[in-house]
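Descriptive analysis of the structure
The residues making up each chain are set out below.
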Amino acid sequence: MIHPYNLLDTNIISEVLKTKPDEHVRKNFLKYENLCALPATTWNELLFGVQSMAMGKKHDFLLDKLVNSIQSRYDIIHYDNHAAWIQADIRARLKEAGKTVDFQDTQIAAIAVANGMILVTRNVKRFEPIQAVSPLLVENWF
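Calculation criteria
- Residues numbered from 1 in each chain as written.
- Predicted model: local features only at pLDDT ≥ 70, side-chain atom pairs only at ≥ 80, totals over all residues.
- Heavy atoms only, no water.
- Core = buried A, V, L, I, M, F, W, Y, C linked by side-chain atoms within 4.5 Å.
- Buried < 20%, exposed > 50% of the residue type's maximum accessible area, 1.4 Å probe, protein only.
- Helix = DSSP H or I, 4+ residues; strand = E, 2+ residues; numbered from the N terminus.
- Phe/Tyr/Trp six-rings, centres within 6.5 Å; stacked < 30°, edge-to-face > 60°.
- Lys NZ or Arg CZ within 6 Å of the ring centre and 35° of its normal.

**Points about the nonpolar core**
Leu7, Ile130 and Leu136 are the most contacted members of the largest nonpolar core, which has 20 residues in total. Within the residue set of this core, elements represented by two or more residues are α5 (81–96), α6 (103–114) and α7 (124–133). No other element matches α6, which puts six residues into this core. The next biggest cluster of nonpolar side chains, apart from the first, holds 18 residues, and it includes Leu8, Phe29, Cys36 and Leu38.

**Observations regarding the packing of aromatic side chains**
Applying the stated rule across the entire model yields three aromatic pairs. With centroids separated by 6.2 Å and ring planes inclined at 70°, the aromatic side chains of Tyr5 and Tyr32 adopt a geometry described as edge-to-face. Taken as a pair, Tyr5 in the segment before β1 (6–8) and Tyr32 in the loop between α2 (23–31) and β2 (36–39) lie far apart in primary sequence, 27 residues in all. With a centroid separation of 5.7 Å and an interplanar angle of 55°, the aromatic rings of Phe29 and Tyr74 are classed as tilted. Here Phe29 is found in helix α2, whereas its partner Tyr74 is found in the loop between α4 (57–71) and β3 (75–77), with 45 residues between them in sequence. Assigned by exposure class, Phe29 and Tyr74 land together as buried. Members of the aromatic cluster, connected to one another through ring pairs, are Tyr5, Tyr32 and Trp141. Stacked on the ring of Phe142, the Lys or Arg Arg122 has its end atom at 3.9 Å from the ring centre.

Next comes the structure, spelled out in C-alpha cells:
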C-alpha cells in the first residue's frame, strides 16, 4: 500500500478545526489535502480529547467534525509490527543518549518512519531528539 506523504500530528488537526485557523496551516492543509493521513495515535488523542469534554454543543460539533470531516476523508495509519520495531530502536537510542521523549511522540515518529512519511507538527522541538537518532523528517506548517 502506498501512503500519502504527510502524517499529521494532533496539533495540526486541532488547528484546522478552529473557527479561525492559522492561515499558513489552512493553506498548506488545502494544498496537500489529498496527500495527508493521520497516525492512529493522533486519532486516539483527538477522540480522547472530545470524549473527555462535557456533553453539549461544542462536544457534538467537534465529534461531528472528527467523524464526518476527518475520519471519512483521511487514512488512519496503524501502529504495526514494523513501526513497533522502529519505535523500540528509537527509544533505545534515546535512552542511550540520555534523552526522554513522550511515548506517544516516539510512536507517532515510528509510524512516520515506517511508512516513509513526513511528520507535520507545530511541536518541532519535541521531535528534534528523535530526529537525532532516526531518519524522521519533520515539517512545521505554522
